[in-house]
Every structure is written in C-alpha cells, then in structure tokens.
Protein chains: 4
Amino acid sequence: MQVLEYGPPISLVDAKQVIEAAEAEASANRWAMVIAVADSTGHIVALHRMDHAQFGSVPIAQAKALTAVNFKRPTKIFVEAVAQGGLGLRLLSTPGLCPLEGGIPLLRDDKVIGAIGISAARSTQDGQVALAGTKVIHG
Amino acid sequence: MQVLEYGPPISLVDAKQVIEAAEAEASANRWAMVIAVADSTGHIVALHRMDHAQFGSVPIAQAKALTAVNFKRPTKIFVEAVAQGGLGLRLLSTPGLCPLEGGIPLLRDDKVIGAIGISAARSTQDGQVALAGTKVIHG
Amino acid sequence: MQVLEYGPPISLVDAKQVIEAAEAEASANRWAMVIAVADSTGHIVALHRMDHAQFGSVPIAQAKALTAVNFKRPTKIFVEAVAQGGLGLRLLSTPGLCPLEGGIPLLRDDKVIGAIGISAARSTQDGQVALAGTKVIHG
Amino acid sequence: MQVLEYGPPISLVDAKQVIEAAEAEASANRWAMVIAVADSTGHIVALHRMDHAQFGSVPIAQAKALTAVNFKRPTKIFVEAVAQGGLGLRLLSTPGLCPLEGGIPLLRDDKVIGAIGISAARSTQDGQVALAGTKVIHG
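Cut-offs used in this document
Throughout this document, residue positions are counted from 1 along each chain, in the order its sequence is written. Note on labels: chains are lettered from A, ligands numbered from 1, in written order. Where local features are concerned, this predicted model is filtered to residues with pLDDT of at least 70; where side-chain atom pairs are given and counted, the filter is 80 or more; whole-chain, interface and lining totals use all residues. Water and hydrogen atoms play no part in the side-chain values, which are based on all heavy atoms of the structure. Secondary structure counts use DSSP, requiring at least four H or I residues in a row for a helix and at least two E residues in a row for a strand, with both numbered from the N terminus. Burial here depends on accessible area, computed with a 1.4 Å probe over protein chains only, as a share of the maximum for the residue type. Under 20% is buried, over 50% is exposed, and the range in between is partly exposed. The method works on a 1 Å grid over the protein atoms by themselves. A cavity is a set of points holding a 1.4 Å probe that cannot get out, a pocket is an open set with protein on both sides within 12 Å along at least five of seven lines, and residues with an atom within 4 Å of a point line them. Grid points are joined across faces, edges and corners, and a volume is the space filled by probe spheres set on the points. Classification used: nonpolar for Ala, Val, Leu, Ile, Met, Phe, Trp, Tyr, Cys and Pro, charged for Asp, Glu, Lys and Arg, polar for all others including Gly. The definition of a polar contact used here is a pair of N or O atoms within 3.5 Å, where within protein one atom must be able to donate a hydrogen and the other to accept one, and adjacent residues in sequence count solely through side-chain atom pairs. Contacts are assigned to residue pairs with any non-hydrogen atoms lying within 4.5 Å of each other. By buried area we mean how much accessible surface two parts lose on assembly, using a 1.4 Å probe and totalling the loss over both. Salt-bridge detection follows one rule: a side-chain nitrogen of Lys or Arg within 4 Å of a carboxyl oxygen of Asp or Glu. Helix span, expected: 1.5 Å multiplied by one less than the number of residues in the helix. Pairs were defined over the aromatic rings of Phe, Tyr and Trp, the Trp ring being its six-membered one, requiring ring centres within 6.5 Å. Orientation was assigned from the angle between planes: stacked under 30 degrees, edge-to-face over 60, tilted for the rest. Put simply, a charge is over a ring when the Lys NZ or the Arg CZ is close to the ring centre, within 6 Å, and near the line of the ring normal, within 35 degrees. Lines fitted to C-alpha atoms define the axes, with helix axes restricted to the stretch in contact, and inter-axis angles between N-to-C directions lie between 0 and 180 degrees. The labels follow the angle: roughly parallel below 35 degrees, roughly antiparallel above 145, roughly perpendicular from 65 to 115, and oblique for the rest. The hand of a helix crossing depends on one turn: near helix anticlockwise from the far one by less than a right angle means left-handed, and clockwise means right-handed. Least-squares fitting of one copy onto the other uses the C-alpha atoms of those residues that reach a pLDDT of at least 70 in both copies. What the arc describes is the spread of directions from the helix axis to the C-beta atoms.

Here H52(A), not a glycine, exhibits a phi torsion of approximately 75°, which is positive. With respect to the secondary-structure elements, H52(A) resides in the loop between strand 3 (44–49) and helix 2 (57–70). A relative accessible area of 37% places H52(A) in the partly exposed class. The backbone phi angle of R30(D) is positive, close to 60°, even though this residue is not glycine.

Quick look at empty space enclosed by the protein now. Across all of its chains, the model carries one cavity of 30 Å³ or more by this definition. Approximately 30 Å³ is the volume found for the largest cavity. Lining of the largest cavity is provided by I44(B), L47(B), Q62(B), I44(C), L47(C) and Q62(C). Taken together, the residues of the lining of the largest cavity break down into four nonpolar, two polar and no charged.

Looking now at the side chain of D39(D). Topologically, D39(D) is positioned in strand 1 (residues 34–39). Judged by its relative accessible area of 2%, D39(D) falls in the buried class. A polar side-chain atom of D39(D) sits 2.7 Å from a polar atom in the side chain of R49(A). Discounting residues that sit within four places of it in the chain, D39(D) has contacts with R49(A), P9(D), I10(D), V45(D), V69(D), I113(D) and G114(D).

Time to look at the interface of chain D and chain A. In this complex, chain D contributes 17 residues to the contact, which on the side of chain A involves 17 residues. Carbon and sulfur atoms make up 53% of the surface buried where chain D meets chain A, a total of about 1600 Å² over both sides. In terms of surface lost to chain A, no three residues of chain D exceed L12(D), H48(D) and R49(D), which account for 33% of the buried area on that side. Our enumeration of links across chain D and chain A arrives at four salt bridges. The interface formed by chain D and chain A includes 14 residue pairs in polar contact (both at pLDDT 80 or more). Considering each element in turn, the side of chain D that touches chain A owes the most residues, six residues, to strand 2 (residues 44–49) of chain D. Residue classes in the side of chain D that touches chain A are distributed as eight nonpolar, four polar and five charged.

All names here are of chain A. For helix 4 (residues 123–138), with 16 residues, the first-to-last C-alpha span of 22 Å sits near the 22 Å given by 1.5 Å per residue. Within helix 4, the full set of buried residues consists of Q125, D126, G127, V129, A130, A132, G133, T134 and I137. In this structure, the buried residues of helix 4 make contact with helix 1 (12–28), helix 2, strand 4 (103–108) and strand 5 (111–119). The positive-phi residue at the C-terminal boundary of helix 4 is G139, with phi of around 80°.

Counted by the stated rule, this structure contains six aromatic pairs over all chains. Judged by centre distance (4.1 Å) and plane angle (10°), the rings of F55(C) and Y6(D) are stacked. With F55(C) in the loop between strand 3 (44–49) and helix 2 (57–70) and Y6(D) in the segment before helix 1 (12–28), the pair connects residues from two separate chains. Neither F55(C) nor Y6(D) differs from the other in exposure class; each is buried. Here F71(D) and F78(D) contribute two aromatic rings whose centre-to-centre distance is 5.7 Å and whose plane-to-plane angle is 75°, an arrangement assigned as edge-to-face. The pair formed by F71(D) and F78(D) is uniform in burial state, with each residue classed as buried. The ring of Y6(B) has K72(B) sitting right over it, with the charged end atom 4.4 Å from the ring centre.

Looking now at the packing of helix 1 (residues 12–28) of chain C against helix 4 (residues 123–138) of chain C. When two helices pack together, their arrangement is given by the angle between their axes and by how far apart the axes lie. Residue and element names in this part refer to chain C. Closest axis-to-axis distance for the helix 1/helix 4 pair is 8 Å, and the angle between their directions is 140°. Judged by the inter-axis angle, helix 1 sits oblique to helix 4. Both helix 1 and helix 4 take part in a crossing whose hand is right-handed. Listed contacts from helix 4 to D14, Q17, V18, A21, A22, E25 and A26 of helix 1 are Q128, V129, A132, G133, V136 and I137. Split into classes, the residues belonging to the contact of helix 1 with helix 4 amount to eight nonpolar, three polar and two charged.

For the rest of this paragraph, the subject is the interface of chain A and chain B. Residue-level contacts link 22 residues of chain A with 21 residues of chain B. For the chain A and chain B pair, buried surface summed over both sides reaches about 1700 Å², with 67% attributable to carbon and sulfur atoms. Summed over the three residues of chain A that lose the most area to chain B, namely H52(A), Q54(A) and F55(A), the buried surface amounts to 32% of that side. Run the count over chain A and chain B and you get zero salt bridges. If you look at where chain A meets chain B, you find five residue pairs in polar contact (both at pLDDT 80 or more). For the side of chain A that touches chain B, the secondary-structure elements that each account for two or more residues are helix 2 and helix 3 (76–83) of chain A. Its residues assigned to classes, the side of chain A that touches chain B comprises 17 nonpolar, four polar and one charged.

We now examine the relation of the copies chain D and chain A. The transformation that overlays chain D on chain A combines an axial shift of 0.3 Å with a rotation of 179°, and the residual RMSD is 0.3 Å. On this basis, the relationship between the two copies can be described by a two-fold rotation axis. Every residue of chain D has its C-alpha some distance from the rotation axis, and the shortest such distance is that of L47(D), at 2.5 Å. Here 100% of the contact residues of chain D are again contact residues in chain A; the copies associate through an equivalent surface.

Helical geometry note: an α-helix holds 3.6 residues per turn, so side chains three or four residues apart project in the same direction. Residues and elements named next belong to chain C. The complete set of buried residues in helix 3 (residues 76–83) reads F78, V79 and V82. Buried positions in helix 3, seen along its axis, are confined to an arc of 105° and lie on one side of it. Where helix 3 is buried, its residues contact helix 2.

So, in structure tokens, the structure goes:
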C-alpha cells in the first residue's frame, strides 16, 4: 500500500478560488451553504457562510473539511461504512471523524494539500458543491 | 428549494407566553418538565424547570431548542432518520445536533423567530408539550 | 464556625417571583439584563434574557447564580478578594467559581434554598438588581 | 444608559469586503494574520487565515470577534481593565470573554451588525488591522 502523503498547505489565494467555485455552484442552485477549506496541516484556511445558511452548518462544514484532511479521504467513504451497520458503526464515535458527505481532499502532485467541507442542504447536494470546489485544484 | 430565513428574535414577552402554555400542558398531565425557548440568534431567551424535574433535562431542553433553531426544523425529523438506521445513523455524530423529539421552530411571517425545547417525559410527551407551546405563536 | 446548610430547593413559583422583581428593577432603570435563578442543588431553575440584553450575559448570569450556591455566599466577596491581589488571585482559576458581582444566595429559615445571578450592566448595577430579586424571599 | 441593540446580520458580501480591507492592511505591513467576521447573531460569517499565520490565531481571531458581538464593545476595553489590575483582573475568569485587543463591533444605523476579530501580531497591530476592516462599514 502506497501511503498518500501530506504536501505543502494550500495557499489562501487558492482556497479563496475553491470557495468561490463552490459558492457559485451553491448560488446557481439557490442553496444557502457554509463552505470551509482546511489545509494539509489540519487547520481552517477559509470559511464563508452564505446569507441565510443555517447556523448548525458552521461547525459541520469545518468538521467535514478537517475529517477529509485527518483521514486523507472523502468523508462519503465513512457515510457508506456507517450505512452498512455492524462494524461500521464504530465510526460514530471515532475522534476527529465526521461521517457526513461533503468533505473532499484537495490533491496536488498526488499529495494532500487540504480539503473542502460543505454543509447545508441534502448530503448529495453537499457532495455536489464540494466536488465543484475541488475542480479548481483538480481540473 | 426555498431557503427558510431567520427572522427577528422572539421577544421575552412572547417567550414567556410560549413557556406558560407549555407549562400548562405539562401540569395538566402532571409531568415535571424543563421548558426552554431560544431565539432566532441561537441563544436562550427563557428557561423554566418545573419542580421535581430531573436535572438531566436542563441541558437537553436547551439542546433541543438550539437544534431546532440551528437546523430550522423540528428535531423529530432527526429522530425518525436515526430510527430508520443505515445512513440515518450518521446523525448520531453530527456536531451540534440533538436527535431527540421535543424541539420545534417558532415561525412568524414564514421566518424562524426562535424555537421551543422540552425535556423530561417520554419523547412523544415532550413533543406534545412542545407543540402546545408553539400554538401561542402559530395559532 | 457554624455551617450554613443547604435547604429544600426553591420552587419554580418562587423563582418566577424573584425574577419578576429583578426584572422590574432592571426595567425601571432601562437596563437589559439576563436574570438566572439556581436552586439549592446547584441547577438552574429559571432564566430570562430581557430584550436587547447582550448574548455574553447568558452564561455569566448562570455562572454567578451557580457560584453563589456552590460556595454559599455572595459573589461580591470573591470580587473583593481578587481586587486585593496576592493570594486572592487564586480565585481566578478556581473551578466553578465566577468572581463577578451579581450573584446572591437566597435563604429561608437560615438555609440556602437557591441563588440569583444577574448580568449585563456595570457590576454595581448587577448587584443592585440581584438584591432587588432577593427581597422577594428575604423580605 | 441607552442599550445598544443588535441589528440585522452583516451579509457575506459585506463581510468579504471587511476582510479584504483588513487583509490589505495586514499585507501592506507584511503581517500574516487570521481575520474573522462574526454577525449580529454571534456566529462566524467569514474567516481567512493568511499564508504562514500561526495556527493558534484561528481560535483567537474568532474569540475576539465573538467577544465584540457578545458584549457589544471593542475588546480593547477589557484589555485596559485587566491592565489596571485589582478589580479589573476579575475579567480573566469571565465566561466567554476574550480580553485581547483586536475585536471591534461593526455598527450600521447605530446597531451592532457584527464584529471583526484579528489575531497574529502584536496587540496594537491586531487593533490597527481590525480598525482598517471596520472602515468598510463605518466609512
């Protein structure tokens, strides 16, 4: 197994572009979302709460972005594990792990430079907006 | 999807009436409950603990009211999602979300002005008393 | 030294009257305050946040009421100890102790039945309103 | 005493401009800062961490912005009270109050619509950058 490495942290300039792309996708769908970007060190770089977004989404968006960095993978993987029940349920009390769709790592040169986390609408919508944000980095 | 907006915060005068109605419903059933009202900013406006109510219900009533404001919906929705198992279980580790029946948003002019949270008895009883409180605002 | 004992917990009916008296004093001075009453078990019985009161006063009013119960004395005593410096400063990191004026025990038959905590205005004003509330019990 | 009221929450568009102005001031001085904007409900609207800013400044910038909203005043007031010693030291254990310079309320039509919080450099530098951000709203 090849270990996915942490790369240099995403810059604020790049993080803003990621957020801008996600915000555009959310606006196009009239979704009021919270958008967070964490860097490869596991700290928040930027966060925007769109007007009328529910307060509850502020910590959730951050948790999704941090989970994607902390575990170097999309949070959707954890949602699926929980949905299978049994052993998968242990993820519900794993420290630092938020098992909700909408967190996706940002990669450059095959290394994790950060992650985006989205919260507000249905989980598939959160995932859709997160994906839109990643395209700034992944093309 | 139309976004439900936060409106102006419920006044203390209105919050007292909401609590009074809920307290009357609880008293009529001889239930010793904790009744909390949060406003549209996500802060507690008023809280009453009825005599003999269990201590554990103080933070729970507050958590239900805040969850209803933070996510702009009745907490019962989350209870049902959890009860379905599978994917629904992910709500058990959603930051700031209390998946217990008894929290209901208070709406005026189609905007969230606050929420009521009830704790003490069975969950359907908590829901019944919360509903009684909302009638002061919703008619 | 005679030990001040904890008595039976203040009832919600009494707590409401304490709050009403404090609220009247605050209103008369046009102060927007948070008023909390704890009982003799160290749990909040009732809390009212007046319209336009600062959010920061919600946890502070509770902390003052709980401090007065937890240590069976007016919080002002701790303020004065802190003000003297030296040894007094250790109170700044004493668990469960909030060294701010505005918390006063409620006594009946020489026993602590609860306490009132006020927050919002200058500390002497907080003390003044707390005192107004205690008169319901102390006469 | 006239009570300063909370007004409608600052919009994300306005918050971005406040952050942009603060970021420009920080960049001009080559200070790597964290800039947070909270709204009048006491929730974060936007946060930017400039490249190379210390991790520790992320929670501090948020705490300063929230303190300025929760207490409707610049955090510098609390710094000065602490600096005077004696009674002022009690602020060191006031729940939810961060007594560090760099948090300033944002006012519109004489109401609090939010606050800016800056952290990273010396406290006077934090204050300088926070002030630069407020000019977008205050002119």
